[in-house]
Amino acid sequence: MPRVKIKRSKPTLDMTPMVDLAFLLVTFFMLTTKFAPDDAVIVDTPTSVSEIKIPESNVITIAIDKDNRVFYGVDGQQTREKLLDKIGQKYGVSFNEDQKKAFSLTSNFGVPVRQLPGFLSMGIDDRKKVNQPGIPIDSLNNELSEWVWQTRLTNPQVIVAIKGDVDANFTTINKIIKTLEDRKVSRFNLITDMEARPTSL
Amino acid sequence: MAEVQEKADSGKGGKKRAKKMSVHLDMTPMVDLAFLLLTFFMLTTTFSKPQTMEIQMPVKPDNIEDLTPVKAENATTIILGEDDKIHYYFGLVDDNPELITTDYSANGIRKVLLTPRIRQNPKMVVMIKPMEGSRYKNMVDILDEMKITDTKRFAMVDITQQDKDLVQSQK
């Protein structure tokens, strides 16, 4: 009687469908992902029942943190580069190529124009640590107004969104609204978090 | 690692055939990588775009005298005070109205905005006057209440000294 030969083959699992699925999902997430921008401040936005979504591009974001500091940001690297040129000319501050490059990659910032070259020369890690004083919005020295105006000249399609912290003082918000009104921006958006609409009134 | 698995010899010395080979590819490292990437993208992705509230401020008139004043019976003023309080009164400040204090809860200002006095008067204008001590959340909350109660005619107005005095006198 011949001995029964045991097949010595490793148990194999056909992983092909799993791999298919995994790569499908990887592709999906790679294409749909949009990295959260590296914001200079953490802003805790209030909630509202509004369901309008903010557009993805051509948005000026004016952030106000809980210490009433004002931060300015606009999307689009080319817009930022052109904007920096114009602001530099306006205030007589010159920027070198590295600083321009750094500015085009900064999603938002909160330093006065005079301190901007120094701020942009810092490394990315140092920039995060530095305490940004916020953009001046006083009536004597309203740089925010200039930023908004020059951005609108650079890219006429921009809309303005205000991203205020829950604890930001109304006085600061009011100054910003007045600044925008002076620059003939009468329609703007307030960024909020979602909140369920009450079912009964 | 690709490995070639030979089919076990059947033992019979038959014709010499070309050995059938099935190619097995060890896909484990690839799967590891794929899932690593998958996890990375899943965790870093931001799906929820922030909501926004659109507000339209009135364009500043060239001449302030062109504006028509609101009649007393058509005016409601909501003053956003400190410490998340709301003060409101009907009518005009000159008539020394009764100032009532409430809050932002569902039973607070919302009930007021739903009273027939406001709802059934199509000419009623709600004036929102935030005080210096109020915070941004108060402003968003009150605009939200306007939306919830479907109050169409409202305006953000700067607070006057008279209003401040009225709030002070009630304390």
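Calculation rules
- Residues numbered from 1 in each chain as written.
- Chains lettered and ligands numbered in written order.
- Predicted model: local features only at pLDDT ≥ 70, side-chain atom pairs only at ≥ 80, totals over all residues.
- Helix = DSSP H or I, 4+ residues; strand = E, 2+ residues; numbered from the N terminus.
- Buried ≥ 20, exposed ≤ 12 C-beta atoms within 10 Å, placed from the backbone.
- Contact = placed C-beta atoms within 7 Å.
- Pairing = 2+ DSSP bridges.
- Axes fitted to C-alpha atoms, helices over the stretch in contact; angles between N-to-C directions.

## Describing the overall build of chain B
Next, step 1: Per the secondary structure count, chain B includes 5 helices and 8 strands.
Next, step 2: Taken across its 171 residues, chain B has 23% of its residues classed as buried.
Next, step 3: Put simply, 59% of the contacts in chain B that link residues at least 6 apart link residues at least 24 apart.

## Re the sheet that holds strand 4 (residues 75-80) of chain B
Residues and elements named next belong to chain B.
Next, step 1: Pairing is mixed in the open sheet, where 5 strands are placed in the order 6-5-4-7-8. The open sheet has two free edges, formed respectively by strand 6 (100-102) and strand 8 (154-156), since each of these has just one partner strand. This sheet shows a mean twist of 25 degrees between the axes of neighbouring strands, independent of strand direction.
Next, step 2: The pairing of strand 4 with strand 7 (residues 125-130) spans 6 bridges and is classified as parallel. The partner of Thr77 across the bridge, within strand 7, is Met127.

## Thoughts on the pairing of strand 4 of chain B
Residues and elements named next belong to chain B.
Next, step 1: Counting buried residues in strand 4 gives 5 out of 6 residues, a clear majority hidden from the surface.
Next, step 2: With 5 bridges connecting them, strand 4 and strand 5 (residues 86-90) associate as antiparallel partners. Across the sheet, the residue bridging to Thr77 is Tyr89, located in strand 5.
Next, step 3: If you look at the hairpin formed by strand 4 and strand 5, you'll find 5 residues sitting between the two strands, and Asp83 has a positive phi there, around 50 degrees.

## A short note on unusual backbone geometry
Next, step 1: One non-glycine residue, Lys184(A), adopts positive backbone phi at about 60 degrees.
Next, step 2: Turning to its location among the elements, Lys184(A) is positioned in the loop between helix 7 (170-182) and strand 6 (187-194).
Next, step 3: The class for Lys184(A) is exposed, based on 10 C-beta atoms found within 10 Å.
Next, step 4: Phi is positive for Asp83(B), which is not a glycine, with a value near 50 degrees.
Next, step 5: Following the sequence through the fold, Asp83(B) ends up in the loop between strand 4 and strand 5.

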